[in-house]
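The chain contents come next:
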Amino acid sequence: IDKIILTAKKSRPFRRIFGSTLRSILFEPMDATTVLRIQQNCKEVIEQWEPRVLVKTLEATPDYANQSYFIELVYVIPEIENLEVTYTFGLSKY
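Everything numeric here is computed off the predicted structure, so don't read it as measured data.

**Q** Any chance you could break down the nonpolar core for me, citing the residues and the numbers?
**A** If you look at the biggest cluster of nonpolar residues, it comprises 23 residues, and the most contacted ones within it are I5, L22, I38, Y69, I71 and L91. Mapped by element, the contributors of at least two residues to this core are α1 (2-6), α2 (22-25), α3 (32-49), β1 (54-63), β2 (68-77) and β3 (83-92). Among all residues touching I5, those that are not within four sequence positions of it are S20, L22, C42, V45, I46 and F89.

Structure follows, in structure tokens:
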């Protein structure tokens, strides 16, 4: 999951469409619109590149003091008895 989310689109020579546009979104103003764009982008790329999981919730919380976002993703792996996984990570401009 982290490889999908953290890889910038066009950064892999033979898979130019793989990855997300999160790095460019991080330089937008830290507001509700940017939070929504981060959430949408994460969900879209996970659904596109990892069809074995179903995203249940995805929340992005801005950390204004550190110019970063805290992301909490909860997803289910249906093929493994609906195993629910919580994955948390941070996104920073720097």
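**Q** I'd like a description of the environment of C42, backed by residues and values.
**A** Mapped onto the fold, C42 is located in helix α3. When the C-alpha atoms of C42 and R15 are compared, they prove to be 18 Å apart, with 27 residues separating the residues in sequence.

**Q** Explain the pairing of β3 residue by residue, including any values.
**A** Two strands pair when backbone bridges link them, and β2 and β3 are joined in this way by 10 bridges, in the antiparallel orientation. Bridged to I77 within β3 is L83. Hairpin remark: β2 followed by β3, antiparallel, with five residues in the connecting loop; positive phi at E81, about 50°.

**Q** So, the packing of aromatic side chains: which residues are in play, and what are the values?
**A** Scanning the entire structure with this criterion turns up two aromatic pairs. Geometrically, the ring pair formed by F18 and W49 is edge-to-face, given 5.1 Å between the ring centres and 65° between the ring planes. You can see F18 sitting in the loop between α1 and α2 and its partner W49 sitting in helix α3, a full 31 residues away along the chain. What makes F18 buried here is its relative accessible area of 7%.

**Q** Provide a residue-level description of the pattern of salt bridges, including the pertinent values.
**A** Going through the model one piece at a time under the given rule, you end up with three salt bridges. Here E47 and K43 are joined by a salt bridge, their closest N and O atoms 2.7 Å apart. With E47 and K43 both in helix α3 and four residues apart, this pair spans about one turn of that helix. Judged by its relative accessible area of 34%, K43 falls in the partly exposed class.

Cut-offs and rules
Residues numbered from 1 in each chain as written. Predicted model: local features only at pLDDT ≥ 70, side-chain atom pairs only at ≥ 80, totals over all residues. Heavy atoms only, no water. Core = buried A, V, L, I, M, F, W, Y, C linked by side-chain atoms within 4.5 Å. Buried < 20%, exposed > 50% of the residue type's maximum accessible area, 1.4 Å probe, protein only. Helix = DSSP H or I, 4+ residues; strand = E, 2+ residues; numbered from the N terminus. Contact = heavy atoms within 4.5 Å. Pairing = 2+ DSSP bridges. Phe/Tyr/Trp six-rings, centres within 6.5 Å; stacked < 30°, edge-to-face > 60°. Salt bridge = Lys/Arg side-chain N within 4 Å of Asp/Glu carboxyl O.

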